[in-house]
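Observations on chain architecture
The primary structure of each chain is shown beneath.
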Amino acid sequence: MKKNLAKKVTLSILAGAVLMSSSVVWAADNPDIAGWNKDDTNQRYVWNDASNGEVNGNGHNFTYEFYGAYDSSNTGVSGGKVAISSGTFKDSAFIYGGYAYGAATDNTVNITDGSFESGIYGGYSEEDTANKNTVNIEDGTFKGDYKIYGGYAYDGVATENMVNIEDGTFNGNIYGGMGYSGASENTVNIEDGTFNGYIYGGKGYGAATQNTVTISGGTFEDSAVIYGGYSEDGAASLNEIVISEVDVGSTFGTIFGGYASGNANKNKVTLKAENAVYYGEGIVGGYSSVAATENTVDITNGTFNVDIYGGKGYGAATDNTVNITDGTFNRFIYGGYAYGAAIENTVNITLGDFESEIYGGYSSVTAEGNEVNITDGTFNGWIYGGRTGVSDNNNDTSEAINNSVTISNGNFSGNIYGGYSDKGDATQNSVVISGGTFKPGSNSFIYGGRADKDATGNSVTISGGTFGEKNASNQKSIVYIAGGYSYDNDSESNNNTVSISGDANLAYAKLYG
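All values reported here derive from a predicted model rather than from experimental measurement.

**Side note on the nonpolar core**
Within the largest apolar cluster, 78 residues are counted, with the highest numbers of intra-cluster contacts made by Ile243 and Phe467. Ignoring anything within four residues of it in the chain, the contact list for Phe467 reads Ile433, Phe438, Ile446, Ile462, Val479, Ile481, Ala504, Asn505, Leu506, Tyr508 and Ala509. Counting 28 residues, the second largest nonpolar core, distinct from the first, contains Val46, Tyr149, Tyr175 and Tyr359.

**Thoughts on the pairing of strand E27 (residues 198-204)**
Buried residues dominate E27, accounting for six of its seven residues. Sheet analysis places strand E23 (residues 173-179) next to E27, joined by five bridges and oriented parallel. If you follow Tyr175 over to E27, its bridge partner there is Tyr200.

**What to know about the sheet that holds strand E22 (residues 169-170)**
With parallel pairing, seven strands are arranged side by side in an open sheet as E5-E10-E14-E18-E22-E26-E30. What marks the edges here is a single partner per strand, and that holds for strand E5 (61-62) and strand E30 (219-220). By the bridge criterion, two bridges tie strand E18 (residues 141-142) to E22 in an arrangement that is parallel. Paired with Thr141 across the bridge in E22 is Thr169.

**Observations concerning the pairing of strand E59 (residues 416-421)**
Across the six residues that make up E59, a large majority, six, are buried. With five bridges connecting them, strand E55 (residues 383-388) and E59 associate as parallel partners. Counterpart to Gly386 in the pairing with E59 is Gly419. Here E59 pairs with strand E63 (residues 444-451) via four bridges, running parallel. Following the sheet pairing, Ile416 is matched in E63 by Ile446.

**Digging into a negative patch on the surface**
Judged by side-chain charge, Asp113, Glu138, Asp139, Glu166, Asp167 and Glu191 come together as a negatively charged surface patch. Considering the arrangement of structural elements, one finds Glu191 in the loop between strand E25 (187-190) and strand E26 (194-195).

**Overview of the side chain of Lys203**
Structurally, Lys203 is set in strand E27. In this structure, Lys203 is in contact with Tyr175, Gly177, Met178, Gly179, Ala183, Tyr230 and Glu232, ignoring residues within four places of it in sequence.

Conventions and cut-offs
- Residues numbered from 1 in each chain as written.
- Predicted model: local features only at pLDDT ≥ 70, side-chain atom pairs only at ≥ 80, totals over all residues.
- Heavy atoms only, no water.
- Core = buried A, V, L, I, M, F, W, Y, C linked by side-chain atoms within 4.5 Å.
- Buried < 20%, exposed > 50% of the residue type's maximum accessible area, 1.4 Å probe, protein only.
- Contact = heavy atoms within 4.5 Å.
- Helix = DSSP H or I, 4+ residues; strand = E, 2+ residues; numbered from the N terminus.
- Pairing = 2+ DSSP bridges.
- Patch = residues over 30% accessible without salt bridge, like charges linked within 9 Å, V, L, I, M, F, W, Y side chains within 5 Å.
- Areas by Shrake-Rupley, 256 points an atom, 1.4 Å probe, with all protein chains shown as cover.
- Salt bridge = Lys/Arg side-chain N within 4 Å of Asp/Glu carboxyl O.
- Lys, Arg positive; Asp, Glu negative; His and termini not counted.
- Charge placed at Lys NZ, Arg CZ, Asp CG, Glu CD.

These values are about where atoms sit, not about what they do.
In structure tokens form, the structure reads like this:
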């Protein structure tokens, strides 16, 4: 069994004068370096465990790999350290704080500056776990097909690994931790820099749990895709992304708090950056190929040219939430979206400008108990408490049940539906309005429930607000208000109600039960 190699290495490759006990000027790539064992056969440097070593050189190119600690047995490594302050590292010059066939624990790579085209690993384990390894980056240029990993477990779990970035230019992928068997409690922290690759708090083929990406500055291209936690074959739970501030001109691509082929539970995305503009395929609290449950997107500010989902599931979406304090929104918003049932999902809006549709819950089969709650804002799109679309299996069972829209104030120009069924019944859905201005450019509709088949027990309750208008040309814009509406002449509309109280101005409204 081989003895573990060095616990700590400091590699300082500085452009400029050589500062060593004996003056050396390197004329070739991959020179001999004091304190390192250079293995030309395997093209690598390994620290020799004699003492902490520091190498100063004249801006060399490196094609050999660097290992702060290396063990080819199953003993494992811990405490390995590589510190780089300058130099050019080609695509074959992989850098490992610690590398082992056993567990890799508490290993570190520190980078002050340099140019990197290779993979960087705080700790790497071939057959065991990667735990509490770290990559710290102050600055540098990272290009080509490189990847940065706080910790990597090829055949195990990656836990509590971390990548911390102060500045730099990054064109590749970044992982707090990656483990074939799972990834938990891994972190990526970004303070500044330029990014246009993929960023993962944690990624694994097994479960991805409690991984985090935190961004407090930097410039991001719309090709930047961010995952709090990503699971190829398991569940994603309790993962989180927090974007608190970024540079002016930053544009983000797709963002997932948690992404899973299994269930996605209790993942969260928090977006506070006023300067950020969002594009891509979506902002999703939790995405699942099975069921998305209790995922959240919290938005304080920003400009959104992308669909937003509290939770999205190919099976069910349940108890997912989107909370919006302010911002500009040009695409669809869904509390929950499912090809199966969408149940008890919510969109809460305090303020903002909205140009497109808003859904508490959207389903191809059943939308039940979903809500949209609006305090204020400007709304030019349609609003649905819950909606069912046309079912993929062409059945007649899609239903909208007990969904609601509640409005306290705001300006509205589009249709509003408590519940809407494209191919089925609408039952016990509601719209409650206590204030606001409802002035469409042309006629609009407010329905408690709208059904393709039967509309039963739906309601609209109004205690304030102004509905419709007559413009300067004496043209009227009418708001049609109905408790329930059935599109099919052969179906029924029963026990639907409209209740009026308070000081609502209904001069340009038409009411139907």
